[in-house]
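Close look at the chain arrangement
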Amino acid sequence: MKRNRIILLILMLVTLILASIRGGTVSYTLFYIIWGAPILSGLYLLYVSISLKISQSVEKTLLAKGEKVKYVFGLKNKGILTCTWARPVFFGRLSEFMDTVPTESLSIVPAQAYEVDTALRVNYRGEYNVGVEKVEIMDFFKLFKLTHTYKNPIKVQVSPIVPHFDNLVFDVDEYYENIQVMSFGQEALYPDVELRKYVSGDSARVINWKASAKSGELFSRKYVDETNAGVLLVADFSPTGLAGVERIIAEDKIIEAALGIADYLYLKNIKVNTLFFDRTARMINIRSRAELDSFYAACSRVKFDADAGCAKLLMQSMLRGYTQIIIVTHELSKENVAVADELAAKGSRVELVYIGDKNPDEEADGSINITWISPEQEVEDVLERKN
């Protein structure tokens, strides 16, 4: 198109000089033809854009990630002039077609209809447009291009999937031999019959003086706080700061990671509390399939517009003791890492699952383990332990 414009400008200049210097019928005829070409091309392009009709449809718009749906796309020329160059442009990355769709230019004669009947697969959770985005039209001299944006795009609502893991890349246990699990700021209420060796920092009230006197070594009672689960799963649903496709992909990975970990813990019969922000701070204790489904429903509708960031949610978790805390976040800020490190210092084992493009080695601390999922990686490939 650029080359054609340059040629036209040269011809316009030449005919202008000829008409000015020599005059005559031939010179003026060439002048009018060359100078009238862009006007004719513009009028033709305007007419064809009005004559070309776009249609598309899908079987349904409520889908699950990875689901395939029938998709039909049509392009019809209702005018009396041939459309010499038209190219449909489709929304990409978030969805894909199972069969080949036109990516090159088409030539459509009057009354002809071009139709594609194929299957479309949605690849990410969220709400977004699929199918044709616009149709580019060019005149017969290839001087100008007009973009005809489709005014009624198809918007789909895609729910997340729950990945199933045989083993997570990091260890998960509900109780640890050498960690005293109790609510911070209050003593646990229910001693069991087991003892463990004294750990520096244990309250004198939990030392079993009778057993210690017999053995000549300090022993502490194990306590179980019945109000606490073994594991706390914190899902960060604050704004990612991204836009467009990158935002949807990041949100999808965060939700998929949180759901997969919750599902794994439930199937392993490990008590887990999920903490997240959905309009307000919420906690769902997962002890049954119904409670797991409730967490899935919350993840499906969450908008990632939480006012409270991950650090604030982590501060709330400090009110109660947990054997292990798993954090799924898109923000590897110093504040988040500092709060996680403080939780680890209080006796909880902290695992941080980070979704983003920042190198975690720059923010990592020895007391917490960081699992990094980059935008190019799949959640299952990273979180599933390789044997």
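Refer to the preceding data block for the structure.
Just so it is clear, the structure is predicted and the values come from calculations on it, not from any experiment.

1. Quick notes on the overall build of the protein
Scanning the protein from terminus to terminus reveals eight helices and 19 strands. Looking at the protein residue by residue over its 387 residues, the buried ones come to 47%. Summarising the internal contacts of the protein: among those between residues at least 6 apart in sequence, 70% fall at separations of at least 24. Carbon and sulfur atoms provide 54% of the accessible area of the protein, an area that totals close to 20100 Å².

2. Details of the environment of Val 122
Following the sequence through the fold, Val 122 ends up in strand β7 (residues 113-122). Judged by its relative accessible area of 0%, Val 122 falls in the buried class. Those residues in contact with Val 122 that sit more than four places away from it in its chain are Leu 63, Ala 64, Lys 65, Gly 66, Glu 67, Leu 94, Ser 95, Tyr 128, Val 130, Val 156 and Val 158.

3. Examining the packing of helix α1 (residues 2-21) against helix α2 (residues 24-51)
Running from N to C, α1 and α2 point in directions that differ by 150°, and their axes come no closer than 9 Å. Taken together, the axes of α1 and α2 lie roughly antiparallel to each other. Helix-helix and strand crossings are classified by hand; for α1 and α2 the assignment is left-handed. Across the interface between the two elements, Leu 8, Leu 11, Met 12, Thr 15, Leu 16, Leu 18 and Ala 19 from α1 touch Ser 27, Tyr 28, Leu 30, Phe 31, Ile 34, Trp 35, Ala 37 and Pro 38 from α2. Of the residues contributing to the contact of α1 with α2, the split by class is 13 nonpolar, two polar and no charged.

4. Observations regarding the packing of helix α4 (residues 244-267) against helix α5 (residues 289-301)
Relative orientation of the contacting elements α4 and α5 amounts to 175°, with a least axis distance of 11 Å. One way to sum up the angle between α4 and α5 is to call them roughly antiparallel. Here α4 contributes Ile 255, Ala 258, Leu 259, Ala 262, Asp 263, Tyr 266 and Leu 267 to the contact with α5, which in turn contributes Arg 289, Leu 292, Phe 295, Tyr 296 and Cys 299. The residue makeup of the contact of α4 with α5, split by class, is ten nonpolar, no polar and two charged.

5. Observations concerning the pairing of strand β8 (residues 126-130)
On β8, burial follows the alternation: Gly 126, Tyr 128 and Val 130 on one face are buried, whereas Glu 127 and Asn 129 on the facing-out side are not. Note: β8 against strand β11 (residues 154-159), five bridges, orientation antiparallel. Each residue of the ladder has a partner; that of Tyr 128, found in β11, is Val 156.

6. Notes on a nonpolar patch on the surface
Taken together, Leu 13, Leu 16, Ile 17, Ile 21 and Trp 35 make up a surface patch of nonpolar side chains, about 480 Å² in accessible area. Per-element tally for the nonpolar patch: the top contributor is α1, with four residues. Relative to the helices and strands, Ile 21 resides in helix α1.

Conventions we followed
- Residues numbered from 1 in each chain as written.
- Predicted model: local features only at pLDDT ≥ 70, side-chain atom pairs only at ≥ 80, totals over all residues.
- Heavy atoms only, no water.
- Helix = DSSP H or I, 4+ residues; strand = E, 2+ residues; numbered from the N terminus.
- Buried < 20%, exposed > 50% of the residue type's maximum accessible area, 1.4 Å probe, protein only.
- Contact = heavy atoms within 4.5 Å.
- Areas by Shrake-Rupley, 256 points an atom, 1.4 Å probe, with all protein chains shown as cover.
- Axes fitted to C-alpha atoms, helices over the stretch in contact; angles between N-to-C directions.
- Parallel < 35°, antiparallel > 145°, perpendicular 65-115°, else oblique.
- Left-handed = near helix turned anticlockwise from the far one by under 90°.
- Nonpolar A, V, L, I, M, F, W, Y, C, P; charged D, E, K, R; others polar.
- Pairing = 2+ DSSP bridges.
- Patch = residues over 30% accessible without salt bridge, like charges linked within 9 Å, V, L, I, M, F, W, Y side chains within 5 Å.
- Salt bridge = Lys/Arg side-chain N within 4 Å of Asp/Glu carboxyl O.

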